[in-house]
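# Chains, contacts and geometry: an overview
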Amino acid sequence: YAELRSTRHGLRLGIYGRKDLDPGIIEAGEIKKPDELSVFLSALFKPLGVRYCVASLPEERAYTAMFQLPNVGDPSMLRSAIELELPEHIPLPPSETLFDFEVIPASDIVSPDAITVDAPAHVDVIAYAFPRSLAEAYLGVFLGAGLNPIAFELETQALARSLLPDAANAPTMIVDFGKTRTTFVIVVGKLARFTSTVSVAGESLERSLAKTLRISLPEAETLKKERGLIRDQKNEAAFNAMFPIVSAVADEIERHILFWNTHAEHMHQSTPTISEVILCGGDANLIGFRRYLAEKLRLSVVFGNTWMNVAPFDEHIPEIPFNESLGFAAAIGLALRAVTGE
């Protein structure tokens, strides 16, 4: 969690921190123990005086669809038009669906003369949908904890808001390599065009280390942080235990990039291919991980700057060390929405 405050010097970090949930409270994005989660949130935020928040809903339960609609002219009619079209793209009954959408800006390259009977004027939209029951479950938990969510959104939207400049138009892949899952998102113009989540991440590395080296999970976590993917005689066994997992993540990134580069159509205000991967998440700074991905993918792979849209480093140095800030990318993105309303 993170708070941003507006000051006379610009945005500044307020309260922040992290606390792990006990296993079993949330599984694959679904709340299994709502009362325990409300108690957890209340104990965490009530002493801090927090009453309002912007929160993300679980990426693994989201549906994303991009499609075209005839240009209805009246923006107020657009939501109704999307609602009618949504069942063709989202496998949820309309009565059980909550959705929001973004309009993809029209290309500066395509001239009005290019619009013909065969290619009439149209609007391109991206719709993001969740099961209504899931959103209501999260709302109930927050309200039960004494918190009032002013907005829910996809975590990938928050990542794009914190990690990309406003002028970003070229397709970029963000890889959120966290503790329990890895999320892949392709962003164009700060809009999430594609998302995917796998349950392979930092904990997977620790379990493999613990099993292979016959050590405890806390010992495995320490070894992972201290030695990472260093490949030498002392670390050979640890490297061999972790490499298949890291390689699988790299293969997943490569697969998504290849599909996008060969199938992306009707791209607005962008070049069609992905040339950069941005890493974030609590385990993204695993020693050797960024270098391995760059060599395998033959692309620019960089660590995300979560403060890009908060304050320049020459004006303010945030309290969170850079390597730890990679785990706060989504929280900073949510906080940016809270203070800017965008």
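This section reports on the structure supplied with the text. (Residues numbered from 1 in each chain as written. Predicted model: local features only at pLDDT ≥ 70, side-chain atom pairs only at ≥ 80, totals over all residues. Heavy atoms only, no water.)

### Digging into the overall build of the chain
Across its full length, the chain carries 10 helices and 14 strands. At 21 Å, the chain has a C-alpha radius of gyration in line with the 20 Å of a compact globule built from 342 residues. Seen through its principal axes, the chain has C-alpha atoms that stretch 70 × 50 × 45 Å. Each of the 342 residues in the chain was classed as buried or not, and the buried ones make up 45%. Summarising the internal contacts of the chain: among those between residues at least 6 apart in sequence, 66% fall at separations of at least 24. (Helix = DSSP H or I, 4+ residues; strand = E, 2+ residues; numbered from the N terminus. Rg over C-alpha atoms; globule rule 2.2 N^0.38 Å. Buried < 20%, exposed > 50% of the residue type's maximum accessible area, 1.4 Å probe, protein only. Contact = heavy atoms within 4.5 Å.)

### A word on the packing of helix α5 (residues 202-213) against helix α6 (residues 217-227)
The interhelical angle for the contact between α5 and α6, taken along N-to-C directions, is 115°, at an axis separation of 8 Å. Looking at the two axes, α5 sits roughly perpendicular to α6. Taken as a pair, α5 and α6 cross one another with a handedness that is right-handed. Across the interface between the two elements, G202, L205, E206, R207, L209, A210 and L213 from α5 touch L217, A220, E221, L223 and K224 from α6. Classifying every residue of the contact of α5 with α6 by side-chain character gives seven nonpolar, one polar and four charged. (Axes fitted to C-alpha atoms, helices over the stretch in contact; angles between N-to-C directions. Parallel < 35°, antiparallel > 145°, perpendicular 65-115°, else oblique. Left-handed = near helix turned anticlockwise from the far one by under 90°. Nonpolar A, V, L, I, M, F, W, Y, C, P; charged D, E, K, R; others polar.)

### Concerning the packing of aromatic side chains
Tallied over the entire structure, the rule returns six aromatic pairs. Between F239 and F243, the aromatic rings sit 5.3 Å apart at their centres with planes inclined by 20°, giving stacked as the arrangement. One end of the pair, F239, and the other, F243, are both in helix α7 (residues 236-263), four residues apart, so they sit about a helical turn from each other. Since its relative accessible area comes to 9%, F239 is described here as buried. Classification of F243 as partly exposed rests on a relative accessible area of 30%. (Phe/Tyr/Trp six-rings, centres within 6.5 Å; stacked < 30°, edge-to-face > 60°.)

### A short note on the pairing of strand β2 (residues 10-16)
Taken together, the five bridges between strand β1 (residues 2-7) and β2 define a ladder with antiparallel strand orientation. Bridge pairing links L4 to L13 in β2. What sits between β1 and β2 in their antiparallel hairpin is a turn of two residues. (Pairing = 2+ DSSP bridges.)

### Topic: the environment of P58
Here P58 lies in the loop between β5 (52-57) and β6 (63-70). By relative accessible area, P58 is classed as buried at 8%. Residues P58 and T197 lie 139 residues apart in sequence; the distance between their C-alpha atoms is 9.8 Å. The contacts of P58, once residues within four sequence positions are left out, are G29, F130, L134 and Y138.

### A few points about the sheet that holds strand β12 (residues 191-198)
Spatial strand order, β12-β11-β10-β13-β14: five strands in an open sheet with mixed pairing. Pairing within the sheet leaves two strands with one partner each, and these edge strands are β12 and β14 (300-303). Neighbouring strand axes in the sheet, compared pairwise and without regard to direction, differ in orientation by 20° on average. Inspection of the sheet shows strand β10 (residues 172-177) paired to strand β13 (residues 276-280) by four bridges, in the parallel sense. Across the sheet, the residue bridging to D176 is C280, located in β13. The strands touched by helix α4 (residues 155-163) within the sheet are β10, β11 (182-188), β12 and β13, with β10 carrying the most contacts at an inclination of about 115°. Packing against the sheet, helix α8 (residues 289-297) makes contact with β10, β13 and β14, and its axis sits at approximately 160° to β14.

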